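Take a look at the letters that make up each chain.
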Amino acid sequence: MEELSENEGIHSKREFNFLKYLENVVEAETILYTGKVVAVKGLEVESEGPRAVIGEMCSIKLRDGSALLAEVIGLDEKHVKLAPFGETKGIEVGCEVVASGHSLMVPVGKNLLGRIIDASGRPCDEKGELIPDTYYPAVASPPAPNDRVDINRRIVTGVRAIDSLLTVGKGQRLGIFAGSGVGKSTLLSIIARNTNADINVIGLIGERGREVLDFVNRDLGEEGMKRSVLVVATSDEPSICRLRAAQVCTAIAEYFRDQGKDVMLMMDSMTRFAHAQREIGLAAGEPPAQKGYPPSVFDMIPKLLERSGTNKNGTITAFYTVLVDGDDMNEPITDKVRGTLDGHIVLSRRLASAYHYPAIDVLQSISRLSKRVSGAQTRKAVGQLRTWMSAYQDNETMITAGIYQKGNSPSVDIAIDKHQAIEEFLKQEEYEPCPIQETLSKLSELTGIEIPEEEYVENPAAAIPTTAQIVDSAKHSAASNS
Ligand SMILES: Nc1ncnc2c1ncn2[C@@H]1O[C@H](COP(=O)(O)OP(=O)(O)O)[C@@H](O)[C@H]1O
Ligand SMILES: [Mg+2]
C-alpha cells in the first residue's frame, strides 16, 4: 500500500501542466500575410503584397484604427489590385493590408430573420450584433443536376393574376421585366407580404437609399419584415458591393433551403447587378462585347440564376427584376435573363398609366411550369380566359373605335361581354389579400368552368396520370380485352 501511494506521489509530481502553454498558443499570432498600399486609383487600391488569390478578402488597416474590407480583383508580378467595400477615404500609401485566407463568407442562421445586412454580411439596421449559426460562401456553384428535385408544388404569391394565369411552382425562377416606375418593386413587396413561402430573402441591389427605406417601412411593413431577410447595396456603394450583395442574398437563400425551407428569393434588380459587373470588368481591362457589356457579364448572370431552384432539402423560388430600357425586350441583359429562367412576367406601362395594377401584361407573360402545378379544370379555365383576352386584344382597335359590329363574330362578342369582368379579376389593390381558394373560385365563376376543391391543394397535378401512364393503362386494358 505504501509503495503504491509513493508511486502515486511520483506520478502527480510529473504531471504535465498544459495550461500555461495553451495560454501561449491562444495568444500567439499565427502567420499573417500582409502588404502595404502603394497607390489609390479611383475606386481601386493597389498594394505590394500580401500573398493572396483572386477573390480573397483582405482588410486595409486605416490610421484611425478602423479597417476597410476589400477584395482581390487583380494580380500582376508586383501588385495586388483591391476593390474596397466602402469609400476609399482615409486610405493612404503605406497602410497595412492583411489577407484573410478566404473569399467572402456570409454569416447565416435563423437570427437573420427580420434583419437588414450589407454586402459584407454585416447588419446595417439598428438591431445590434448578429450572431450567426455558421458561414456560407457568397460565391458558390449551383446544385448538381442530380440533386434537383422535380417541381410539382404550387407556391402562392397572393397576386391573383399570377396565381391564376401564371401559376408558379415551388423552386421555379422567373423574371419580372418592366420599364422604371411601372411597379416592379411594389409587386415584389406584395408577394413578400402574401406568399406562403417560409422565408423571404430580398436583395435590393443598386436602388436609391430612399427607395430602400420606403420598401422596408412602407411596402414590407412589420409583418412582412418578420419573416424576411434583406440584403442591401445602394446605388452610391462601390460596384463590388452591388455585385456581391446579389451573391450574398443567394447564399442566405441557399442556407435556408438546406434547412429544408421553401424560400422566396427576390432580387431587385438584375440590371444593376449586370451594371456592377460591367464596371468591374471594364476596369479590369476586359473588352466591351455586346452593347458595352464585357463577356464576363454574360458569364455571371447564369451562374447566379442557376443557384436558385430546388435541391434535395428544400426549394428557392426566385423572382429577378429586369429594367427594360425603352421597352426593348431584345436588349442583351433582358435576353440573357429571359433565356435562363423558367418564365417571365412583363409589366406594361400602358396598363400602369391606365391605373390597372398590378400592371401585368398577361398575354406577354409566361410561366413555363404552370401546367405542372395546376389541376386539369384550372388549366381549362385558364385556357378559356386567355382565349377571350386574346380575341379582345386582336380586335381592340376596332372595338374601341366603334367600328366592330356586334354579331360579326361570336367569339369576339363573348370576349367583349367578358372584358370588364376579366379586368376586374386581374386588378388588385396593393393591400388586398387574395388567398388561393378565392383566386380559383373567382376564376371558376368568371369562366363558368367548375374547379373542384381537390385542385385547391398544393400539388393538384400530382393526381393526374402522365402520358406514359395513360399509354400503359391503354395497352393494359387492350391486352385484357383481347
Ligand atoms: N399595385 C399597385 N397599386 C397601386 N399603385 C402602384 C402599384 N404598383 C405600382 N404603383 C405605383 O407606381 C409607382 C412606382 O412603382 P415601383 O414599384 O416603385 O416601380 P419600379 O420598381 O418598377 O420602378 C409607385 O410609387 C405607385 O405609385
Ligand atoms: Mg423599383
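Since the structure is predicted, the reported quantities are computational estimates derived from the model, not experimental observations.

In the vicinity of ligand 1, the contacting residues are Ala 178, Ser 180, Gly 181, Val 182, Gly 183, Lys 184, Ser 185, Thr 186, Tyr 357, Pro 358 and Glu 430. Sorting elements by how many residues they give to the shell around ligand 1 places helix α4 (residues 184–194) first, with three residues. When its residues are assigned to classes, the shell around ligand 1 shows four nonpolar, five polar and two charged.

Our focus in this paragraph is the packing of helix α11 (residues 376–394) against helix α14 (residues 436–447). For the pair α11 and α14, interaxial distance at closest approach is 10 Å and the crossing angle is 55 degrees. Classified by the angle between their axes, α11 and α14 sit oblique to one another. Here α11 and α14 pass one another in a crossing that is left-handed. Contact residues: α11 offers Thr 378, Ala 381, Gln 384 and Leu 385, while α14 offers Leu 440, Leu 443, Ser 444, Leu 446 and Thr 447. Class assignment of the residues belonging to the contact of α11 with α14 gives a composition of five nonpolar, four polar and no charged.

Looking now at helix α9 (residues 332–340). Along α9, the positions that sit buried rather than exposed are Ile 333, Thr 334, Lys 336 and Val 337. Projected onto a plane normal to the axis of α9, the buried residues spread over an arc of 165 degrees and lie on a single side. Where the residues of α9 are buried, they touch β12 (173–178), α7 (270–283), α8 (295–305) and β17 (315–323).

Our next topic: helix α5 (residues 209–226). When the terminal C-alpha atoms of α5 are compared, their 21 Å separation across 18 residues is substantially less than the 26 Å that a helix rising 1.5 Å per residue should span. Taking the largest bend as the criterion, α5 deviates by roughly 100 degrees, centred on Leu 220. Looking at α5, one finds that the buried residues are Val 212, Phe 215, Val 216, Leu 220, Gly 224 and Met 225. Its buried side turned inward, α5 meets β8 (116–117), α4, β13 (199–205) and β14 (228–233).

As a further point, take the environment of Asn 146. Residue placement: Asn 146 occurs in the loop between β9 (134–137) and β10 (154–155). Take Asn 146: there are 6 C-beta atoms within 10 Å of it, and that puts it in the exposed class. Considered as a pair, Asn 146 and Gln 428 are 282 residues apart in the sequence and their alpha carbons are 40 Å apart.

Below, the discussion takes up unusual backbone geometry. A cis amide bond, omega 0 degrees, links Gly 49 with the succeeding residue Pro 50. In this model, Lys 291 sits at a positive phi of 45 degrees, which is unusual for a non-glycine residue. The exposure class of Lys 291 is exposed, given the 9 C-beta atoms found within 10 Å. Backbone geometry places Tyr 355, a non-glycine residue, at a positive phi of 55 degrees. Looking at the element boundaries, Tyr 355 is found in the loop between α10 (349–353) and β19 (366–367). When the 8 C-beta atoms within 10 Å are taken as the criterion, Tyr 355 is described as exposed.

Bringing the packing of α4 against α5 into the picture now. Packing of α4 against α5 brings their axes to within 9 Å, and their N-to-C directions diverge by 20 degrees. One finds that α4 runs roughly parallel with respect to α5. As α4 packs across α5, the resulting crossing turns out to be right-handed. Facing α4, whose interface residues are Ser 185, Thr 186, Ser 189, Ala 192 and Arg 193, α5 presents Glu 211, Phe 215, Asp 219, Leu 220, Gly 221, Glu 223 and Gly 224.

Quick look at the nonpolar core now. In summary, soluble globular proteins display a tendency toward joint burial of nonpolar side chains. By size, the foremost hydrophobic cluster in this structure holds 119 residues, and its most contacted members are Val 201, Ala 245, Cys 249, Ile 252 and Leu 265. No other element matches the 12 residues that helix α6 (residues 239–258) contributes to this core.

Here we take up the environment of Arg 193. In this fold, Arg 193 is placed in helix α4. The exposure class assigned to Arg 193 is buried, which follows from the 20 C-beta atoms found within 10 Å. Considering only alpha carbons, one finds Arg 193 and Ser 365, 172 residues apart in sequence, at a separation of 22 Å. Among all residues touching Arg 193, those that are not within four sequence positions of it are Leu 220, Gly 221, Glu 223 and Gly 224.

What follows is about the sheet that holds strand β2 (residues 44–48). If you trace the six strands once around the closed barrel, you get β1-β2-β5-β4-β3-β6, paired in antiparallel fashion. Taken pair by pair, the neighbouring strands of this sheet meet at an average axis angle of 45 degrees, ignoring direction. Bridge count between strand β3 (residues 56–61) and strand β4 (residues 67–75): five bridges; the pairing is antiparallel. Looking at the pairing, Met 57 lines up with Glu 71 of β4.

Let us now look at the pairing of β13. Summarising burial for β13: seven of the seven residues are buried, a large majority. Of the two faces of β13, the one carrying Ile 199, Val 201, Gly 203 and Ile 205 and the one carrying Asn 200, Ile 202 and Leu 204 are both buried. Regarding topology, α5 serves as the crossover connection from β13 to the parallel β14, and that connection is right-handed.

In this section: the environment of Val 168. Relative to the assigned elements, Val 168 resides in strand β11 (residues 168–169). Sequence separation between Val 168 and Thr 134 is 34 residues, and the spatial gap between their C-alpha atoms is 31 Å. When near neighbours in sequence (up to four residues on either side) are disregarded, Val 168 contacts Ile 155, Thr 157, Ile 162, Leu 174, Thr 317 and Ser 367.

About the cut-offs
Residues numbered from 1 in each chain as written. Chains lettered and ligands numbered in written order. Predicted model: local features only at pLDDT ≥ 70, side-chain atom pairs only at ≥ 80, totals over all residues. Near = placed C-beta within 6 Å. Helix = DSSP H or I, 4+ residues; strand = E, 2+ residues; numbered from the N terminus. Nonpolar A, V, L, I, M, F, W, Y, C, P; charged D, E, K, R; others polar. Axes fitted to C-alpha atoms, helices over the stretch in contact; angles between N-to-C directions. Parallel < 35°, antiparallel > 145°, perpendicular 65-115°, else oblique. Left-handed = near helix turned anticlockwise from the far one by under 90°. Contact = placed C-beta atoms within 7 Å. Buried ≥ 20, exposed ≤ 12 C-beta atoms within 10 Å, placed from the backbone. Arc of directions from axis to C-beta. Expected span 1.5 Å × (residues − 1). Bend = angle between axes of the 7 residues up to and from the residue. Core = buried A, V, L, I, M, F, W, Y, C linked by C-beta atoms within 7 Å. Pairing = 2+ DSSP bridges. Right-handed = clockwise from strand over helix to strand, strands pointing away.

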